2 protein chains.
Amino acid sequence: MVTIQDIANECGVSISTVSKALNGGHDISEALRSEILDKAVAMGYTSRKAKKRQNRRLVVFVENMEFDTPDQFGYDIVLGFRQAAGKEEWAVDVINVTPEFQDEKPYDAYMLEKGYSGSFALGFSLKDPWMEQFNYTRVPTALLDNMIPMNPYVCNIGTDSEEGIGLAVEHLISLGHEKIAFLNGSVDSLVSNQRMSAYLRTIVKNHIPVDPALAIYSYFIADAAHYHVPNLLNAGATAIICGNDLLAEGVIESVRDCGLRVPEDVSVIGFDDIPTSAEFDPPITSIRQDRLALGRNGYYVLHAILNSVAQSISMLRAELVVRSSTAVAKPRLVTDRSIDKDSVMYQNPDLYNARY
Amino acid sequence: MVTIQDIANECGVSISTVSKALNGGHDISEALRSEILDKAVAMGYTSRKAKKRQNRRLVVFVENMEFDTPDQFGYDIVLGFRQAAGKEEWAVDVINVTPEFQDEKPYDAYMLEKGYSGSFALGFSLKDPWMEQFNYTRVPTALLDNMIPMNPYVCNIGTDSEEGIGLAVEHLISLGHEKIAFLNGSVDSLVSNQRMSAYLRTIVKNHIPVDPALAIYSYFIADAAHYHVPNLLNAGATAIICGNDLLAEGVIESVRDCGLRVPEDVSVIGFDDIPTSAEFDPPITSIRQDRLALGRNGYYVLHAILNSVAQSISMLRAELVVRSSTAVAKPRLVTDRSIDKDSVMYQNPDLYNARY
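### Observations regarding the overall build of chain A
Per the secondary structure count, chain A includes 16 helices and 12 strands. Across its three principal directions, the C-alpha atoms of chain A cover 80 × 40 × 35 Å. In chain A, which comprises 356 residues, the share counted as buried stands at 57%. In chain A, 71% of the contacts between residues at least 6 apart in sequence involve partners at least 24 apart.

### Quick notes on the packing of aromatic side chains
All names here are of chain A. Enumeration according to the criterion identifies 26 aromatic pairs over all chains in this entry. Within the aromatic cluster, the residues linked to one another by ring pairs are Phe61, Phe101, Tyr107, Tyr110, Phe124, Trp130 and Phe134. The residue whose ring lies beneath Arg195 is Phe271, and the NZ or CZ to ring-centre distance is 3.6 Å.

### Focus on unusual backbone geometry
All names here are of chain A. Cis geometry marks the peptide bond from Val262 to Pro263, where omega comes out at 10°. Along the polypeptide, Pro263 turns up in the loop between helix H12 (245-257) and strand E9 (267-272). Of note, the bond from Asp281 into Pro282 is cis; its omega dihedral lies within 30 degrees of zero at -5°. Within the secondary structure layout, Pro282 lies in the loop between helix H13 (275-279) and strand E10 (285-288).

### With respect to the environment of A:Ser286
Residues and elements named next belong to chain A. Position of Ser286 relative to the elements: it lies in strand E10. Residue classification places Ser286 among the buried residues on the basis of a relative accessible area of 0%. Taking the C-alpha atoms as reference points, Ser286 and Leu320, separated by 34 residues in sequence, lie 5.9 Å from one another. In this view, Ser286 contacts Asp245, Ile269, Gly270, Phe271, Asp272, Asp273, Glu319, Leu320, Val321 and Arg323; residues no more than four positions away in its chain are not counted.

### Let's talk about the relation of the copies chain B and chain A
You can overlay chain B on chain A at an RMSD of 0.1 Å; the transform is a turn of 180° with a shift of 0.0 Å along its axis. Such a combination of turn and shift is consistent with a two-fold rotation axis. Ranked by how close their C-alpha atoms come to the rotation axis, the residues of chain B are headed by B:Ser314, at 2.3 Å. Of the residues that chain B buries at the interface, 100% are likewise interface residues in chain A, meaning the two copies contact each other through the same surface.

### Let's talk about the sheet that holds E9(A)
Residues and elements named next belong to chain A. One open sheet holds the 6 strands; their spatial order is E7-E6-E8-E9-E10-E12, and the pairing between them is mixed. Sheet topology places strand E7 (215-217) and strand E12 (319-321) at the edges, where each strand pairs with a single neighbour. When the angles between neighbouring strand axes are averaged without regard to direction, this sheet yields 20°. Inspection of the sheet shows strand E8 (residues 239-242) paired to E9 by 3 bridges, in the parallel sense. For Ile240, the partnering residue across the bridge sits in E9 and is Val268. Relative to strand E6 (residues 180-184), helix H11 (residues 224-234) is tilted by about 160°, and along the sheet it contacts E6, E7 and E8. Sheet contacts for H12: E6, E8, E9 and E10; angle to E9, the most-contacted strand, approximately 160°.

### What to know about the pairing of strand E4 (residues 141-144) of chain A
Residues and elements named next belong to chain A. Judged by which residues are buried, E4 turns out to be covered on both faces: Thr141 and Leu143 on one side and Ala142 and Leu144 on the other are all buried. As judged from the 3 bridges shared by strand E3 (residues 118-122) and E4, these two strands associate in the parallel manner. Bridge pairing in E4 links Phe120 to Ala142.

### Quick word on helix H14 (residues 291-306) of chain A
Residues and elements named next belong to chain A. Across its 16 residues, H14 extends 23 Å between first and last C-alpha, which sits within 8% of the 22 Å expected from 1.5 Å per residue. In terms of burial, H14 is largely enclosed, as 13 of its 16 residues are buried. Measuring from the side-chain oxygen of the N-cap residue of H14 to the backbone nitrogen of Leu292 gives 3.4 Å; that N-cap residue is Asp290. A positive backbone phi angle near 65° is found at Ser308, which sits one or two residues after H14.

### Focus on the pattern of salt bridges
Tallied over the entire structure, the rule returns 22 salt bridges over all chains. Its salt-bridge partner being B:Lys105, residue B:Glu113 comes within 3.1 Å of it at the nearest N-O pair. The burial state of B:Glu113 is the same as that of B:Lys105; both residues are buried. One network of salt bridges, in which partners are shared, links A:Arg261, A:Asp265 and A:Lys330.

### Quick word on the pairing of strand E11 (residues 311-316) of chain A
For E11(A), a buried count of 6 out of 6 residues is recorded, marking the element as mostly surrounded by other parts of the structure. When strand E5 (residues 154-159) of chain A meets E11(A), the two strands line up parallel, connected through 4 bridges. Residue pairing for E11(A): A:Ile157 is matched across the bridge by A:Ser314. The sheet contact formed by E11(A) and strand E11 (residues 311-316) of chain B spans 5 bridges and is antiparallel. Looking at the pairing, A:Ile313 lines up with B:Met315 of E11(B).

### Quick look at empty space enclosed by the protein
Enumeration according to the criterion identifies 5 cavities of 30 Å³ or more in this entry. Taken as a whole, the largest cavity encloses approximately 70 Å³ of empty space. Forming the walls of the largest cavity are A:Tyr300, A:Val301, A:His303, A:Gln311, B:Asn297, B:Tyr300, B:Val301, B:His303, B:Gln311 and B:Ser314. For the lining of the largest cavity, the secondary structure elements donating two or more residues are H14 of chain A together with helix H14 (291-306) and E11 of chain B.

### Notes on the sheet that holds strand E9 (residues 267-272) of chain B
Residue and element names in this part refer to chain B. If you walk across this open sheet you meet the 6 strands as E7-E6-E8-E9-E10-E12, and the pairing is mixed. The two strands at the open ends of the sheet, each matched to only one other strand, are strand E7 (215-217) and strand E12 (319-321). If you compare each strand with its neighbour and ignore which way they point, the axes differ by 20° on average. Where strand E6 (residues 180-184) lies against E7, 3 bridges are found, and the strand directions are parallel. Each residue of the ladder has a partner; that of Leu183, found in E7, is Ile216. The strands touched by helix H12 (residues 245-257) are E6, strand E8 (239-242), E9 and strand E10 (285-288); relative to E9, the strand with the most contacts, the crossing angle is about 160°.

### Overview of the state of the cysteines
According to the stated counting rule, one finds 0 disulfides over all chains in the structure shown. Considering cysteine sulfurs only, A:Cys155 is the nearest to B:Cys155, which forms no disulfide, with 11 Å between them. Cysteine B:Cys258 shares no disulfide, and the gap to the nearest cysteine sulfur, in B:Cys242, comes to 13 Å.

### Quick word on the packing of helix H9 (residues 161-174) of chain A against helix H10 (residues 190-205) of chain A
Residue and element names in this part refer to chain A. Packing of H9 against H10 leaves a shortest axis separation of 8 Å and a crossing angle of 40°. In terms of their interaxial angle, H9 and H10 are classed as oblique. Of the two elements, H9 crosses H10, and the hand of that crossing is right-handed. From H9, Ser161, Glu162, Ile165, Gly166, Val169 and Glu170 reach across to H10, where they touch Val191, Gln194, Arg195, Ala198, Tyr199, Arg201, Thr202, Ile203 and Lys205. Residue composition of the contact of H9 with H10, by class: 6 nonpolar, 4 polar and 5 charged.

### Some remarks on the side chain of B:Asp211
All names here are of chain B. Mapped onto the fold, Asp211 is located in the loop between helix H10 (190-205) and E7. In this structure Asp211 comes out as buried when scored by relative accessible area, which is 10%. Polar contacts involving the side chain of Asp211 include one to the main-chain amide nitrogen of Ala213, which spans 2.9 Å.

Parameters at a glance
Residues numbered from 1 in each chain as written. Chains lettered and ligands numbered in written order. Predicted model: local features only at pLDDT ≥ 70, side-chain atom pairs only at ≥ 80, totals over all residues. Heavy atoms only, no water. Helix = DSSP H or I, 4+ residues; strand = E, 2+ residues; numbered from the N terminus. Buried < 20%, exposed > 50% of the residue type's maximum accessible area, 1.4 Å probe, protein only. Contact = heavy atoms within 4.5 Å. Phe/Tyr/Trp six-rings, centres within 6.5 Å; stacked < 30°, edge-to-face > 60°. Lys NZ or Arg CZ within 6 Å of the ring centre and 35° of its normal. Least-squares fit on C-alpha atoms with pLDDT ≥ 70 in both. Pairing = 2+ DSSP bridges. Axes fitted to C-alpha atoms, helices over the stretch in contact; angles between N-to-C directions. Expected span 1.5 Å × (residues − 1). Polar contact = N/O pair within 3.5 Å; in protein donor to acceptor, adjacent residues only side chain to side chain. Salt bridge = Lys/Arg side-chain N within 4 Å of Asp/Glu carboxyl O. 1 Å grid on protein atoms, 1.4 Å probe; cavity = no way out; pocket = protein on both sides within 12 Å on 5 of 7 lines; lining within 4 Å. Points joined across faces, edges and corners; volume = space filled by probe spheres on them. Disulfide = S-S within 2.5 Å. Parallel < 35°, antiparallel > 145°, perpendicular 65-115°, else oblique. Left-handed = near helix turned anticlockwise from the far one by under 90°. Nonpolar A, V, L, I, M, F, W, Y, C, P; charged D, E, K, R; others polar.

Laid out in structure tokens, this is it:
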């Protein structure tokens, strides 16, 4: 096991200088502190502080996700994590991060300096500086909705999108729908691709031909709906499954702008079941992610990794909450068969060509 | 919440009769006991006994798997489970089960009668009577190497086969192999199919054409090798990845029976890294399942489900342990291109035709 003495020898400084660097002492230059931290990380040093019972600290990093009030997506996730970790006497810090923040200090050096034993990373994107570093970190990390291959210290955590989308498609089929559209989120997101793949597979499994005009990537925001909904309706869609609930809200408004009703003319399903879905007009049928359970699971995953159980994937069940935005199908004529450039056919041809 | 009184009312018997049925009292007919237990299960009754701190009991059910001595596959799994559960003051029973045992009593009724709060099910096959019942059980269940859809009380647990097979294929490619065979286990097994799919995907990803003569289903026993190895060698295989280590041992012997050497002429890789793999001649390169960690994870999964965190899939990292059964490729001539009937092409055409 690497000691402070080893690091001092390696850097050619005294033990007390190393200690200052590791513990945030003031009379040491930032350049020297950086050098010592980098060396300590490279040597695999684990702070003894982080191992002591009285200094059990975990951190939740949040990016691109709101969590301050109960109606926001991240609120219950953070709460669930705090609950489960608190029960086992871990202190939890919650820190908003940006790409700039991540650029300031490498992930492992940051974690070592602050004395955190592990992190739960929410809302990170593939372009984040720390995302690349997660490939070789030795700090236990639970990563929501993203997959890092090989590294035994990082686990992908999320909700089983595949099962969720399957439930939604089959609910619509049971209501007589065949022209089922999927207005997905961003093509750059791992979960978007899993969901698209599950949509295509379930459609084919039910012997319905895949229509590329109905399988569309857009963005996880309500405004994205307005551009796509007229095309989906022209292509004959009687039901639209959405990448999230915000998109579903946008879709419902757009359907009305086109002079049609939800659910009488068009059924709409959201994803996530955020609190506003139940209050919307009409209340939205949604694929529920149990966010409190997701948060707790973030802690359970870190607990496992901290106990040398190298979890790779940890998924929760999805549940379909049926409300009033879905009803029996009312077929409509196809008026326009042109396919827009956000179709799965253009955006992710590998997925579309796959034989599901 | 359902009480003993409710059950008594429903069955038209006294509370004390219900209590006898639930607690294994003797002066009650087997027929009546069965009727009361079935009714209690149907009504969603949960024994108060199972909830009390002083009666925390879990059970490991083992089928088709030996676990008595450290060299057997199940030993460390059971040990790991006992370690993790014992730490949190759960008593653990380990019970060998057969299809006949399962036919005697429905799963939920058995668990209720014995007062178990959850189970870890090892080695179950798709044909087991309880397997069907896992679809609607309300007892927390961690199921090794099998997948039950939808049910929030059952979690699929295992090792990330996909990543493991990917590591093996890429190790062989880095040694210059292109004619890489996969001699898989049974076509009826979920993990076999995941591994075949990962093999095909990694081969294609590396721009090597898939040769159906090299992608074969057999059985998870050494003897299965003797029939297939001559065909694989005739088809030009310079490396053979095996569905498990026993199969790898059989393959090494068969390669020698054909007058060739391991690893000089043919490289061989096993799966599981059972204790005998390191002692074999030559020591076998193997995709390691950390069985102690698997066992611990069985407990962690039950702990999560018992805390209303409905885990669906929990996978551990696989690791490639490189020993002396793999070496630089030495190409050989193809002498026979006939494809045997256990090829993926015949056994699982969906998998083969898929575009990976």
